[in-house]
Amino acid sequence: MTRPFTKVLIANRGEIALRIHRACQEMGIRTVAVHSTADASAMHVRLADESVCIGPPAARDSYLNMAALLSAAAITGAEAIHPGYGFLSENANFAEMVEAHGLAFIGPKPEHIRMMGDKISAKDAMRRLGVPLVPGSAGAVESAEQARAIAVEIGYPVIVKAAAGGGGRGMKVARGAHEIEEAWQLARTEAKAAFGNDEVYIEKYLDRPRHIELQVMADTHGNVVHFGERDCSLQRRHQKLVEEAGSPALDGAARDALGATVTAGLRQLGYRNAGTLEFLWQDGQFAFIEMNTRLQVEHPVTEMVCGVDLVREQLRVAAGEALGYAQSDITFNGHAIECRITAEDPVDFTPSPGRVNTYHAPGGLGVRVDSALYSGYSVPPHYDSLVAKLVVHGATRAQAIARMKRCLNEMVVDGIKTTIPLHARIMDDPEFQAGDYTIHWLERFVAR
Ligand code: ADP
């Protein structure tokens, strides 16, 4: 018999800390919030059963402070730590430390976090498991000469990417031989500065792909399932702004075929807990780019179409419970869309932290708002600019779009600038409405 957790520490802030708290509370699990001094009056702190201040505003001194987090868990008697996304969620050393202290890490095994955190070893693993890849260098590219030779072999355009990459940094495109040396050098410099690791690799640069990712969940008894795909092609600077489930471009057969390959591979690997495999999809082909070994920001769209609580599933499997259902039990119902609303100017994207005088969330059938905002709350300048995830579900994609428009119109975040007007413009666009877009669509749309 496995025993459910009784107390979980949430090593995060903002809407995701709240999201995890809500799942815990519904399962009868007590929660411990942690916070920096800048977040003392944050909603996740207000709602949690207990809270511990773990340091000053700068994330490196608080939300990234492993010793402070482990002490907070020890003082409060938490049995497990949920890392959320960002911060320490994909830090294998942290996962190891958590387990070395006799606590459960609510996420994958440290070895798999490490394996997928290095994109070169992730691609290597996927190649062995029979997952289709973007064509590219077999490993790290050590010199400008080697970069040139590989680019000629796979054909221009190519993209030089950081092995330790994340957040869209350390990526440079070379469209011809005259650009390859500079792209290789710039990607290395940016990678070194951002990740402290200048290892880079090269991929074929796809000119009109969609970004389609697959949500997976695995227990510790050898059961692995997928919850279908999300289309996250609407990106600015390689960062997602709008996500959908399912993809307007994919049919059930293509999803099932990919899902079968991926789940068989992860079963062989002994993967556990949640994960997302990201693919580029062009000309009817999937090509793996990376795997995220954590819960994603955009997980709610999957929850809306599958009727599953992914955080609950994470908590159950981390406590040793079996999934208790098979792939054939998972069904996809209707369509869901998420708009990431950030505290930024909707035209030039300059940050806009500050006091929210009035906050009013939209509601009604098929509407979900994941946000830590409240009237009178001050959005601190120290962290990610995401302030709300507006998620809608509809029987059809057209209905979901109509619902999203209605909600964007209803929503009030007064006192700061947000990207609500940009999302409204996207929902009104005929090309978006036709589902006719690639990863390059939004950059052009924003520049119009
Ligand atoms: P990160 O970890 O920084 O998010 P990814 O490898 O996931 O980096 O890539 C982020 C985005 O960059 C992708 O969603 C896609 O839009 C673009 N991208 C990455 N690799 C390629 C490629 N080979 N061809 C075209 N676009 C790419």
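Presented here is a report on the structure given in the accompanying data block. (Residues numbered from 1 in each chain as written. Predicted model: local features only at pLDDT ≥ 70, side-chain atom pairs only at ≥ 80, totals over all residues. Heavy atoms only, no water.)

1. Points about the overall build of the protein
What counts is decided by this rule: What counts as a helix is a DSSP run of H or I of at least four residues, what counts as a strand is a run of E of at least two, and both are numbered from the N terminus. Just to be clear, the radius of gyration here is over C-alpha atoms, and the globule rule we use is 2.2 Å times residues to the power 0.38. Burial status follows relative accessibility: with a 1.4 Å probe on protein chains alone, a residue under 20% of its type maximum counts as buried, one over 50% as exposed, and anything between as partly exposed. In what follows, a contact means two residues having at least one pair of non-hydrogen atoms within 4.5 Å. Every accessible area reported is derived by Shrake-Rupley at a probe size of 1.4 Å, with residue values counting cover from the shown protein chains alone. Charged-residue counts in this description rest on Lys and Arg as positive and Asp and Glu as negative, His and the chain ends being excluded. To locate a charge, the coordinates of NZ of Lys, CZ of Arg, CG of Asp or CD of Glu are taken.
Scanning the protein from terminus to terminus reveals 15 helices and 20 strands. The C-alpha radius of gyration computed for the protein amounts to 21 Å, which stays within 12% of the reference 22 Å derived for 448 residues, consistent with globular compactness. C-alpha extents for the protein along the principal axes are approximately 60 × 50 × 45 Å. Within the protein, buried positions represent 58% of all 448 residues. Sequence-distant contacts in the protein: of pairs separated by 6 or more residues, those separated by 24 or more amount to 67%. Carbon and sulfur atoms make up 50% of the accessible area of the protein, which totals about 17500 Å². For the protein, the distance from the average site of its 46 positive side-chain charges to the average site of its 54 negative ones is 2 Å.

2. Quick word on the sheet that holds strand 10 (residues 224–236)
Stated formally: Any two strands with at least two DSSP bridges between them are considered paired. Axes, fitted as lines to C-alpha atoms, cover a helix only where it is in contact. Angles between the N-to-C directions of the axes lie from 0 to 180 degrees.
Across the sheet, 8 strands lie side by side as 13-12-9-10-11-14-19-17; this open sheet has antiparallel pairing. Single-partner strands in this sheet number two, and they are strand 13 (285–292) and strand 17 (367–371). Direction aside, neighbouring strands of the sheet carry axes that sit 25° apart on average. Note: strand 14 (residues 335–342) against strand 19 (residues 386–394), 8 bridges, orientation antiparallel. Note that in strand 19 the partner of His 335 across the bridge is Gly 394. Seen against the sheet, helix 12 (residues 397–410) touches strand 11 (239–245), strand 14, strand 17 and strand 19 and runs at an angle of roughly 140° to strand 19.

3. Topic: the sheet that holds strand 5 (residues 104–105)
Judged by pairing direction, the sheet is parallel, and its 5 strands sit side by side in the order 3-2-1-4-5 without closing on themselves. Two strands lie at the open edges of the sheet, namely strand 3 (50–55) and strand 5, each paired on one side alone. Across 3 bridges, strand 1 (residues 7–10) lies against strand 4 (residues 80–82) in parallel orientation. Note on strand 4: the bridge partner recorded for Val 8 is Ala 80.

4. A short note on the site of the ligand
The line we're drawing: Near residues are defined by distance, with any heavy atom within 4 Å of the molecule or strand qualifying the residue. N or O atoms within 3.5 Å of each other form a polar contact, as long as, within protein, one can give a hydrogen and the other can take it, and as long as residues adjacent in sequence are counted only when both atoms are side-chain atoms. Charged means Asp, Glu, Lys or Arg here, nonpolar means Ala, Val, Leu, Ile, Met, Phe, Trp, Tyr, Cys or Pro, and polar covers whatever is left, Gly included.
Around the ligand sit 21 residues in total, of which Gly 168, Lys 204, His 211, Gln 235 and Glu 290 are the nearest. Contact distances for the ligand include 3.5 Å between an oxygen atom and a backbone N or O atom of Gly 166. Interatomic distance of 3.0 Å between a backbone N/O atom of Leu 206 and a nitrogen atom of the ligand. When the ligand sits alone it has 550 Å² of accessible area, and the protein chains cover 96% of it. Of the residues assigned to the shell around the ligand, the class counts are 8 nonpolar, 7 polar and 6 charged.

5. Quick word on the state of the cysteines
Here is the rule: Here, the term disulfide refers to a pair of cysteine sulfur atoms separated by no more than 2.5 Å.
Scanning all chains against the criterion turns up 0 disulfides. There is no disulfide at Cys 407, and the cysteine sulfur nearest it, in Cys 339, is 9.5 Å away. With relative accessibility at 0%, the residue Cys 407 sits in the buried group.

6. Here's the deal with the environment of Ile 54
In this structure, Ile 54 sits in strand 3. Taking C-alpha positions, Ile 54 is 48 Å from Ala 434, a pair spaced 380 residues apart along the chain. Excluding anything up to four places from it in sequence, Ile 54 contacts Val 34, His 35, Asp 61, Ser 62, Tyr 63, Asn 65, Ala 68, Leu 69 and Ala 72.

7. Quick word on the environment of Val 216
Counting through the fold element by element, Val 216 comes out in strand 9 (residues 210–218). Sequence separation of Val 216 and Ala 264 is 48 residues, and the distance between their C-alpha atoms is 11 Å. Residues contacting Val 216, with those up to four places away along its chain left out, are Val 225, His 226, Val 262, Leu 266, Asn 273, Ala 274, Gly 275, Leu 277 and Met 291.

8. Examining the packing of aromatic side chains
Each aromatic ring pair is specified by the distance between its two centres and by the angle formed by the two planes. Stated precisely, the cut-off is as follows: Here is the rule: rings of Phe, Tyr and Trp (six-membered ring for Trp) pair when centre to centre is within 6.5 Å. Planes less than 30 degrees apart are stacked, more than 60 are edge-to-face, and the remainder are tilted.
A full pass over the atoms with the stated rule returns 11 aromatic pairs. Centre to centre, the rings of Phe 227 and Tyr 325 are 6.4 Å apart; their planes meet at 65°, and the pair counts as edge-to-face. Highlighted residues: Phe 227 in strand 10 and Tyr 325 in the loop between helix 11 (310–318) and strand 14, separated in sequence by 98 residues. Taking relative accessible area as the criterion, Phe 227 reaches 3% and is therefore assigned buried. When the centroid spacing of 4.8 Å and the interplanar angle of 15° are considered together, the rings of Trp 441 and Phe 445 count as stacked. A residue pair is termed a helical-turn pair when its members lie 3 or 4 positions apart in one helix, as Trp 441 and Phe 445 do in helix 15 (residues 441–447) at 4 residues. The residues Trp 441 and Phe 445 share a single accessibility class, namely buried. Joined through ring pairs, the aromatic side chains of Phe 279, Trp 281, Phe 286 and Phe 288 make up one cluster.

9. Thoughts on the packing of helix 4 (residues 92–100) against helix 5 (residues 110–117)
Two measures define how a pair of helices packs: the angle their axes make with one another and the distance between the axes. Filter applied, for reference: Each angle gets one of four labels, with under 35 degrees taken as roughly parallel, over 145 as roughly antiparallel, 65 to 115 as roughly perpendicular, and the rest as oblique.
Remark: helix 4 packs on helix 5, axes separated minimally by 8 Å, with the N-to-C direction vectors making an angle of 175°. As summarised for this structure, helix 4 and helix 5 are arranged roughly antiparallel, according to the angle between their axes. Contact with helix 4, carried on its side by Ala 92, Asn 93, Ala 95, Glu 96 and Glu 99, involves Pro 110, Ile 113 and Arg 114 of helix 5 and no other residues of that element. Classifying every residue of the contact of helix 4 with helix 5 gives 4 nonpolar, 1 polar and 3 charged.

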